[in-house]
Amino acid sequence: VQLQASGGGLVQAGGSLRLSCVSSGRIRTIGTMGWYRQAPGKQREMVARIEYGGMTTYRDSVKGRFTISRDNVKNTVILQMIGLKSEDTGVYYCSADTLSPFVINAYWGQGTQVTVSS
């Protein structure tokens with residue numbers, strides 16, 4: 001499975017960005033997908049996750065501002081971000097769990113930089 005992330009960039013505080021992650025390869029093995037981010041000098045953290053059936057989970061700091069969605073036909077997961085803050089700056093990675101064997105974050109995309117200027 002390969003994950004290709006795109007959509008990052010430089011935006012002013014309060015702005016919006018839309019991240020996209022396209023999966024290819026053994027797609028039938030994929031279950032939950034997610035977006036994580038890593039700021040300089042900090043550990044990678046979960047931003048949002050979405051199960052195959054659409055159930056979502058968000059970290060508290062992005063609730064109400066970020067929306068994760070997926071299109072299982074197009075093998076794409078989207079992270080729509082609005083009301084961006086400087087603390088949202090970081091490299092954003094998409095991830096995919098595998099179903100059998102069940103492995104959380106078995107695959108990672110290459111990362112896309114999001115920079116929010118204040």
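Residues numbered from 1 in each chain as written. Predicted model: local features only at pLDDT ≥ 70, side-chain atom pairs only at ≥ 80, totals over all residues. Heavy atoms only, no water.

So, the pairing of strand E10 (residues 103–108)
Relative to E10, strand E9 (residues 90–98) runs antiparallel, the two being bridged by three bridges. Residue Ser95 lies in a different strand from E10, and its bridge partner there is Trp108. Here E9 hands over to E10 after four residues, the two strands then running antiparallel side by side. (Pairing = 2+ DSSP bridges. Helix = DSSP H or I, 4+ residues; strand = E, 2+ residues; numbered from the N terminus.)

A look at the pairing of strand E11 (residues 112–117)
Going residue by residue along E11, you find Thr112, Val114 and Val116 tucked away on one face and Gln113, Thr115 and Ser117 left uncovered on the opposite face. As judged from the four bridges shared by strand E2 (residues 9–12) and E11, these two strands associate in the parallel manner. When the sheet's bridge partners are listed, Leu10 is paired in E11 with Thr115. Alignment of E9 against E11, held across three bridges, turns out to be antiparallel. Directly across from Val91, in E11, lies its bridge partner Gln113. (Buried < 20%, exposed > 50% of the residue type's maximum accessible area, 1.4 Å probe, protein only.)

Some details on the state of the cysteines
In the structure shown here, the tally under the stated rule is one disulfide. The disulfide partner of Cys21 is Cys94, and the gap between their sulfur atoms is 2.1 Å. Handedness here is read from the sign of the S-S torsion; for Cys21 and Cys94, about 55°, the answer is right-handed. On the criterion of sequence distance, the pair formed by Cys21 in strand E3 (residues 17–24) and Cys94 in strand E9 is long-range, its members being 73 residues apart. Among the residues examined, Cys21 registers a relative accessible area of 0% and is labelled buried. Take Cys94: its relative accessible area is 0%, and that puts it in the buried class. (Disulfide = S-S within 2.5 Å.)

Describing the nonpolar core
Counting 26 residues, the largest nonpolar core has Trp35, Val47, Phe66, Ile68, Leu79, Met81 and Tyr92 as the members making the most contacts within it. Breaking this core down by element, the ones donating at least two residues are strand E1 (2–6), E3, strand E4 (30–38), strand E5 (45–50), strand E7 (66–71), strand E8 (76–81), E9 and E11. (Core = buried A, V, L, I, M, F, W, Y, C linked by side-chain atoms within 4.5 Å.)

Here we look at the packing of aromatic side chains
Within this structure, the stated rule accounts for two aromatic pairs. Between Tyr36 and Trp108 the ring centres are 5.1 Å apart and the planes differ by 75°, which places this aromatic pair in the edge-to-face class. You can see Tyr36 sitting in strand E4 and its partner Trp108 sitting in strand E10, a full 72 residues away along the chain. Taking the relative accessible area as the measure of exposure, Tyr36 reaches 10% and is therefore buried. Where Tyr93 meets Trp108, the ring centres are 6.4 Å apart and the plane angle is 90°; that geometry is what we call edge-to-face. Placement of Tyr93 in strand E9 and of Trp108 in strand E10 is noted, with a sequence separation of 15 residues between them. Tyr93 sits in the buried class, given a relative accessible area of 14%. (Phe/Tyr/Trp six-rings, centres within 6.5 Å; stacked < 30°, edge-to-face > 60°.)

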